[in-house]
Amino acid sequence: ETSTAALEALAHGVPVITTWEADIPYLQEYEAGRVINNDFEQIQEVLIKIIYSSKAQKIIMRKNAIKLMREKYNSRLIGKKLLKYIQDYNVRKYLS
C-alpha cells in the first residue's frame, strides 16, 4: 500500500526510500527515490548513496520528486481517474 507520508514528502521535493510492499508507482522511473527490499544492509547502502550524493544530484532528485507528483498524483488527474472508474463500474453494473 502506498504511503501517504511518502507522497507528501515527494510533493515537497524530498526523495523517498520505500519497500516493494509500499511501492510508489513511477518512483524509480522518475528517479525521485528508490524501492528496495526490507533489508537492513540495503537500506543502509541506499541511505549512504543519497546522503553522499553531490549537491547537483540532490537537486535533480528534488526536482524529479516534484515532477512525479505534478504529473502522476495531481488532484485533477486523480479526480478524472476516479470519475472514469465510477462510470465504468456503473456501466458494468447496468449491463450485468
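Residues numbered from 1 in each chain as written. Predicted model: local features only at pLDDT ≥ 70, side-chain atom pairs only at ≥ 80, totals over all residues. Heavy atoms only, no water.

Caption draft 1: Focus on the pattern of salt bridges. What the rule picks out here adds up to 2 salt bridges. Among the salt bridges present, the one from Glu45 reaches Lys49, with a minimum N-O distance of 3.4 Å. Here the residue Glu45 and the residue Lys49 both occupy positions in helix H2 (residues 40-51), the gap between them amounting to 4 residues, near one helical turn. In this structure Lys49 comes out as partly exposed when scored by relative accessible area, which is 48%. (Salt bridge = Lys/Arg side-chain N within 4 Å of Asp/Glu carboxyl O. Helix = DSSP H or I, 4+ residues; strand = E, 2+ residues; numbered from the N terminus. Buried < 20%, exposed > 50% of the residue type's maximum accessible area, 1.4 Å probe, protein only.)

Caption draft 2: Just the confidence of the model for the chain, in detail. Per-chain confidence: the chain averages 91 in pLDDT, with 99% of residues scoring 70 or above. The lowest-confidence element of the chain is helix H4 (residues 75-95), averaging 85 in pLDDT; the highest-confidence one is helix H3 (residues 55-72), averaging 96. (pLDDT = per-residue confidence, 0-100.)

Caption draft 3: View of a nonpolar patch on the surface. A contiguous nonpolar patch, built from Ile17, Ile43, Leu47, Ile48, Ile51 and Tyr52 and spanning about 560 Å² of accessible area, is present on the exposed surface. Summarising the element assignment, Ile43 is placed in helix H2. A relative accessible area of 30% means that Ile43 is categorised as partly exposed. (Patch = residues over 30% accessible without salt bridge, like charges linked within 9 Å, V, L, I, M, F, W, Y side chains within 5 Å. Areas by Shrake-Rupley, 256 points an atom, 1.4 Å probe, with all protein chains shown as cover.)

Caption draft 4: Summary view of the layout of surface pockets. When its volume is computed, the largest pocket comes out at roughly 160 Å³. Lining the largest pocket, in full, are Glu31, Arg34, Val46, Lys49, Ile50, Ile60, Met61 and Asn64. Among the elements of the structure, H2 and H3 are those that each provide at least two residues to the lining of the largest pocket. The class makeup of the residues in the lining of the largest pocket is 4 nonpolar, 1 polar and 3 charged. (1 Å grid on protein atoms, 1.4 Å probe; cavity = no way out; pocket = protein on both sides within 12 Å on 5 of 7 lines; lining within 4 Å. Points joined across faces, edges and corners; volume = space filled by probe spheres on them. Nonpolar A, V, L, I, M, F, W, Y, C, P; charged D, E, K, R; others polar.)

Caption draft 5: Local environment of the environment of Asp23. Along the polypeptide, Asp23 turns up in the loop between strand E1 (16-19) and strand E2 (33-36). A sequence separation of 21 residues divides Asp23 from Thr2, and the C-alpha atoms of the two residues are 5.8 Å apart. Filtering out sequence-adjacent residues up to four positions away, Asp23 remains in contact with Thr2, Thr18 and Val35. (Contact = heavy atoms within 4.5 Å.)

Caption draft 6: Layout of the side chain of Thr19. Position of Thr19 among the secondary structure elements: in strand E1. A polar atom in the side chain of Thr19 sits 3.1 Å from the side chain of Glu21. Those residues within four positions of Thr19 in sequence are excluded, and the remaining contacts are Val35, Ile36, Asn37 and Asn38. (Polar contact = N/O pair within 3.5 Å; in protein donor to acceptor, adjacent residues only side chain to side chain.)

Caption draft 7: Representation of the packing of aromatic side chains within the structure. Tallied over the entire structure, the rule returns 0 aromatic pairs. Taking NZ or CZ as reference, Lys72 lies 4.3 Å from the ring centre of Tyr26, over its face. (Phe/Tyr/Trp six-rings, centres within 6.5 Å; stacked < 30°, edge-to-face > 60°. Lys NZ or Arg CZ within 6 Å of the ring centre and 35° of its normal.)

Caption draft 8: Quick peek at the side chain of Ser53. Within the fold, Ser53 resides in the loop between H2 and H3. A polar atom in the side chain of Ser53 sits 2.8 Å from the backbone oxygen of Ile50.

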